Amino acid sequence: ARRNRLLLYATSLLLLAGLVYLGIRLRAGALALRRRAAFEHVTASISTRFINSRPDDIAGHVEIALQRLAECIGADRAYFVSSAKTCRWAREGVAFPQGWPDLALKSVSRFDRNGNGIICIPKVRPAHGHATMNLLADAGVRGWLCIPSVGGERAAILGFDVVRAGN
């Protein structure tokens, strides 16, 4: 009877541990879905703003869109750079270094892309002799998300920088 009681006790502890683990996983999934829904809501409102705008209002809407997207993903700076125009936004107290983000557009081809063609560097660490990482570190970037244009002759990027620690 004592052995059966210990076996039942051990089984109940394993079941409890399994339930706690599943609860944690469920909560993480729910938080991820909530963040995704918030991002899609921001994207939809930005799209609606562009659809309802006049041609001479587009530049102002681009800056507002950059701000809303950057705030949604926790970035400190956001920019859209093409060969024709540069639009940028920075959180209060954060500045763009000289030549940035135009330098990002010129050097984007040196970075590796994921399967979707996006460059995502969650933690920028300057590396001796690795000029591409040093380029980001010199611009004060701690984390970088860059979406380059997909083909065509006109190069363009949509970039998001994290420059403050803890973001």
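Going by the structure above, here's the rest.
Residues numbered from 1 in each chain as written. Predicted model: local features only at pLDDT ≥ 70, side-chain atom pairs only at ≥ 80, totals over all residues. Heavy atoms only, no water.

Some details on the overall build of the protein
Part 1: Scanning the protein from terminus to terminus reveals four helices and five strands.
Part 2: Along the chain direction, N to C, the helices and strands of the protein fall in the order α-α-β-β-α-β-α-β-β.
Part 3: Scaling as 2.2 N^0.38, a compact globule of 167 residues should have a C-alpha radius of gyration of about 15 Å, whereas the protein reaches 23 Å, well beyond that.
Part 4: Judged by the C-alpha coordinates and their principal axes, the protein covers about 80 × 50 × 35 Å.
Part 5: For the protein, with 167 residues in total, the buried portion stands at 28%.
Part 6: Distance between charge centres in the protein, computed from 23 positive and 12 negative side chains, equals 16 Å. (Helix = DSSP H or I, 4+ residues; strand = E, 2+ residues; numbered from the N terminus. Rg over C-alpha atoms; globule rule 2.2 N^0.38 Å. Buried < 20%, exposed > 50% of the residue type's maximum accessible area, 1.4 Å probe, protein only. Lys, Arg positive; Asp, Glu negative; His and termini not counted. Charge placed at Lys NZ, Arg CZ, Asp CG, Glu CD.)

A look at the nonpolar core
Part 1: Among the nonpolar cores identified, the biggest contains 19 residues, and Tyr-79, Trp-100, Ile-121, Leu-136, Trp-144 and Ile-157 are the most heavily contacted of them.
Part 2: Listing elements by their share of this core, those giving two or more residues are β1 (77-82), α3 (102-107), β3 (119-121), α4 (131-138) and β4 (143-148).
Part 3: Ignoring any residue separated from it by four or fewer positions in sequence, one finds Trp-144 in contact with Tyr-79, Trp-100, Ala-104, Phe-111, Ile-119, Cys-120, Ile-121, Leu-136, Phe-160 and Asp-161.
Part 4: Counting residues in hydrophobic clusters, the runner-up holds twelve residues, among them Ile-46, Ala-65, Trp-89 and Phe-160. (Core = buried A, V, L, I, M, F, W, Y, C linked by side-chain atoms within 4.5 Å. Contact = heavy atoms within 4.5 Å.)

Remarks on helix α2 (residues 58-73)
Part 1: Between the first and last C-alpha of α2 there are 22 Å, a value that for 16 residues agrees with the 22 Å anticipated at 1.5 Å per step.
Part 2: Considering only its buried residues, α2 is in contact with α1 (2-51), β1, β2 (86-90) and β5 (156-162).
Part 3: A positive phi of about 85° marks Gly-74, the residue just after α2. (Expected span 1.5 Å × (residues − 1).)

Some remarks on the packing of aromatic side chains
Part 1: Counted by the stated rule, this structure contains four aromatic pairs.
Part 2: With a centroid separation of 6.3 Å and 85° between ring planes, the pair formed by Tyr-79 and Trp-100 is classed as edge-to-face. One end of the pair, Tyr-79, is in strand β1; the other, Trp-100, is in the loop between β2 and α3, with 21 residues separating them in the sequence. In this structure, Tyr-79 and Trp-100 share a single accessibility class: buried.
Part 3: Ring plane angle 55° and centroid distance 6.3 Å describe the contact between Trp-100 and Trp-144, whose orientation is recorded as tilted. Remark: Trp-144 occurs in strand β4 and Trp-100 occurs in the loop between β2 and α3; sequence separation between them is 44 residues. Taken individually, Trp-100 and Trp-144 each receive the classification buried, so the pair is uniform in this respect.
Part 4: Through a chain of ring-to-ring contacts, the aromatic side chains of Tyr-79, Phe-96, Trp-100, Phe-111 and Trp-144 assemble into a single cluster.
Part 5: If you follow Arg-88 out to its NZ or CZ, it ends over the ring of Phe-96, 5.0 Å from the centre. (Phe/Tyr/Trp six-rings, centres within 6.5 Å; stacked < 30°, edge-to-face > 60°. Lys NZ or Arg CZ within 6 Å of the ring centre and 35° of its normal.)

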